[in-house]
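Survey of secondary and tertiary structure
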Amino acid sequence: MKTILFIEDESALQKTFGDLLKQEGYEMISALDGEIGLGLAKSKKPNLILLDLILPKASGFEVLEKLKKDGATKEIPVIVLTNLEAMEDIEKALILGATTYLVKASYSLEEVLEKVKKTLGDL
Amino acid sequence: MGIIIIFSTIITYVIGSHYIDNPQIVVLITLFLAIFLFIIAFTVTQSFDKLAETNRLKSEFVSVVSHQLRAPLSNLAWAIEILMSGRIGLIEEQQVEYFKILKENSGRMKELVNNLLTVSRIEQGTLPLKKEEFFLEDVIKNLISVFTPFAKASNVEIKFENSGSLPKIYNDPSQVRLVIENLLDNAIRYIKEKGVISIKLKQKNNDIYFEIKDNGVGIPQNDQKYIFQKFFRSENILKYQTQGSGLGLYIVKSIIKKAGGKIGFQSEEGKGSTFWLTLPIKS
């Protein structure tokens, strides 16, 4: 079973995505802050990381940079899922190595799921 | 201000010297006038600075609050979506209507917050414009297909007249799309009975000309000069529809202006409105 690490401090979204991804046959691992997220990425080696940018303890940008610098985690695709939509944030995330950048307010749940599946090669 | 003060001081000295024999009195009068004018200038400048700072803070506040509101609104929208999808259990027929109310109202809040954020960016001068070449015709055709169900439900027919073989424009497709979307949405909403919307697209010299005509409620003559102002909604619109933020046309005009185009309209209350805009083919 493929695993997806969701680094997001909003517990409501953890719940929603947890139910959605479980229904779709994925195992979801939750991390409510950047530091926990980094630790879990290294220990669990998920197939995909969904990453928010506004996080406690370590920002999404810091997490992304560390993930891509670490040999153990740099190959894991990262989908940024955030409400930040300034061009400079998008460019920064993509330069740091994010595979896709999704603004939460612009996508339905099904659309995000589609992106996840495409990235995992399941579509 | 400084030039006015210097000029006034010199004039006062010259006139004073002409009519008053005692030069010390002339100097004193000139000095008092200069001090008086400096105090006025200082007060006026301070007021303008405070006004500018208040506007900046207000804009920043709207931006911060709107951004903070986005997070719970996204959470709400997705929670409603998963509930209505039936993925985590079927919902009872009696509950469906309430879920639809939740979905519609969370959508309204989301739209309002998006509009407020856009307005805030316009005022701060940070609205991004990512330009590329595209066919405006494609944007319009796509929007018409998106709006067709809404138009049909409102008993409105949309006609599109395209003069064909129009060149691409170099502009921000998502911002231009937002403009056309706003105008088309307004046109459908403000037709009260069976209606027709006619859209025209053609080239006019170095611009692409777009026009959207409806036979809706129109805009009263007295309200027309305010129509592009923030939060303004005509009295006749408020009678029919209390929903709406009054930000749409302000955003439309701001985007068109930034995109290097022009916008205008003609309207008659009870007969309908025609909104037109031009966009340069090349930047």
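Residues numbered from 1 in each chain as written. Chains lettered and ligands numbered in written order. Predicted model: local features only at pLDDT ≥ 70, side-chain atom pairs only at ≥ 80, totals over all residues.

Notes on the overall build of chain A
What counts here: Starting at the N terminus, helices and strands are each numbered in turn, a helix being any DSSP run of H or I of at least four residues and a strand any DSSP run of E of at least two. The quantity called the radius of gyration is restricted to C-alpha atoms. Its globule counterpart is 2.2 Å times the number of residues to the power 0.38. Here, residues touch in the contact sense if the C-beta positions derived from the backbone fall within 7 Å of one another.
Scanning chain A from N- to C-terminus turns up five helices and five strands. Each helix and strand of chain A, ordered N terminal to C terminal, gives the series β-α-β-α-β-α-β-α-β-α. In terms of C-alpha radius of gyration, chain A reaches 13 Å, essentially the compact-globule figure of 14 Å for 123 residues. For chain A, the spread of C-alpha atoms along the three principal axes comes to 30 × 30 × 25 Å. Partitioning the contacts of chain A with sequence separation of at least 6, the portion at a separation of at least 24 is 57%.

What to know about the sheet that holds strand E5 (residues 207-214) of chain B
Residue and element names in this part refer to chain B. Convention followed: At least two bridges found by DSSP between two strands is the condition for calling them paired. Only the stretch in contact is used when a helix axis is fitted, and all axes are lines through C-alpha atoms; the angle between N-to-C directions ranges over 0 to 180 degrees.
As summarised here, the arrangement of the five strands in space is E2-E4-E5-E7-E6, forming an open sheet in which the pairing is mixed. Two strands lie at the open edges of the sheet, namely strand E2 (156-162) and strand E6 (262-268), each paired on one side alone. Across the sheet, the mean angle separating the axes of adjacent strands is 15° when strand polarity is ignored. Relative to strand E7 (residues 272-280), E5 runs antiparallel, the two being bridged by seven bridges. Looking at the pairing, Glu211 lines up with Trp276 of E7. In the packing of helix H5 (residues 173-189) onto the sheet, the strands contacted are E2, strand E4 (195-204), E5 and E7, and the crossing angle to E5 comes to about 20°.

Overview of the packing of helix H1 (residues 2-19) of chain B against helix H2 (residues 23-85) of chain B
Residue and element names in this part refer to chain B. Rules: Under this scheme an angle from 65 to 115 degrees is roughly perpendicular, one under 35 degrees roughly parallel, and one over 145 degrees roughly antiparallel; angles in between are oblique. Less than a right angle of anticlockwise turn of the near helix away from the far helix marks a crossing as left-handed, whereas a clockwise turn marks it as right-handed. For this classification, the nonpolar set comprises Ala, Val, Leu, Ile, Met, Phe, Trp, Tyr, Cys and Pro, the charged set comprises Asp, Glu, Lys and Arg, and every other residue, Gly included, is treated as polar.
Here H1 crosses H2 at 160°, and the two axes come no closer than 9 Å. As the angle between them shows, H1 and H2 are arranged roughly antiparallel. Our pair here, H1 against H2, has a crossing hand that is right-handed. Facing Ile5, Ser8, Thr9, Thr12, Tyr13, Gly16 and Ser17 of H1, the residues of H2 in contact are Val26, Ile29, Thr30, Leu33, Ala34, Leu37, Phe38 and Ala41. When the residues that make up the contact of H1 with H2 are grouped by side-chain class, the tally is nine nonpolar, six polar and no charged.

Remarks on the sheet that holds strand E4 (residues 78-82) of chain A
Residue and element names in this part refer to chain A. The strand order across the open sheet formed by five strands is E2-E1-E3-E4-E5, and the pairing between neighbours is parallel. Lying at the two open borders of the sheet, with one neighbouring strand each, are strand E2 (27-31) and strand E5 (100-103). When the angles between neighbouring strand axes are averaged without regard to direction, this sheet yields 20°. Bridge count for strand E3 (residues 48-51) against E4 is three bridges, and the pairing is parallel. Directly across from Ile49, in E4, lies its bridge partner Val78.

Here's the deal with the nonpolar core
We count it as follows: Remark: nonpolar core denotes a set of buried Ala, Val, Leu, Ile, Met, Phe, Trp, Tyr and Cys residues whose joining runs through C-beta atoms within 7 Å. Three exposure classes are used, all based on how many other C-beta atoms lie within 10 Å of a residue's own C-beta (placed from the backbone): buried at 20 or more, exposed at 12 or fewer, and partly exposed between those limits.
Membership of the largest hydrophobic core comes to 38 residues, with the highest contact counts inside it found for Ile7(A), Ile49(A), Leu50(A), Leu51(A) and Val80(A). Here Ile7(A) is in contact with Ala31(A), Gly34(A), Gly37(A), Ile49(A), Leu50(A), Leu51(A), Asp52(A), Leu55(A) and Val63(A), once residues within four sequence places are set aside.

What about the pairing of E2(A)?
Judged from the five bridges that link them, strand E1 (residues 3-7) of chain A and E2(A) form a sheet pairing that is parallel. Within E2(A), the position partnered with Thr3(A) by the bridge is Glu27(A).

Some words on the interface of chain A and chain B
Taken together, the contacts link 13 residues of chain A with 15 residues of chain B. Looking at the side of chain A that touches chain B element by element, the count peaks at six residues for helix H1 (residues 11-23) of chain A. Residue classes in the side of chain A that touches chain B are distributed as six nonpolar, four polar and three charged.

Here we look at unusual backbone geometry
One non-glycine residue, Lys57(A), lies in the positive phi region at around 70°. You can see Lys57(A) is positioned in the loop between E3 and helix H3 (60-69). Under the C-beta neighbour-count criterion, Lys57(A) is labelled partly exposed, with 14 such atoms within 10 Å. Non-glycine residue Asn155(B) carries a positive phi angle of around 65°. Tracing the backbone shows Asn155(B) in the loop between helix H4 (136-153) and E2.

Section: the domain arrangement of chain B
All names here are of chain B. Short version of the rule: Segment limits for the domains were obtained from an automatic or database-derived domain assignment.
The domains assigned to chain B are domain 1 (1-127) and domain 2 (132-280). Each of domain 1 and domain 2 has a C-alpha centre, and these two points are 27 Å apart. Contact with domain 1, which involves seven residues of that partner, is made by eight residues of domain 2.

Examining the packing of H4(B) against H5(B)
Residues and elements named next belong to chain B. Look at H4 against H5: their axes get within 10 Å of each other, and the N-to-C directions meet at 35°. Crossing handedness for the pair H4 and H5: right-handed. Contact residues: Leu136, Val139, Ile140, Leu143, Phe147, Phe150 and Ala151 in H4; Pro173, Val176, Arg177, Ile180, Glu181, Leu184 and Ile188 in H5.

Examining H2(B)
Basically, it comes down to this: A helix's residues, less one, multiplied by 1.5 Å, set its expected span.
Spanning 63 residues, H2(B) covers 91 Å between terminal C-alpha atoms, matching the ideal 93 Å at 1.5 Å per step. Those residues of H2(B) lying buried are Thr30(B), Ser66(B), Arg70(B), Leu73(B), Ser74(B), Ala77(B), Trp78(B) and Ile80(B). Looking at the buried side of H2(B), the elements it contacts are H1 and helix H5 (109-120) of chain A together with H1 and helix H3 (93-124) of chain B. Positive backbone phi, at 80°, marks Gly86(B), one or two positions downstream of H2(B).

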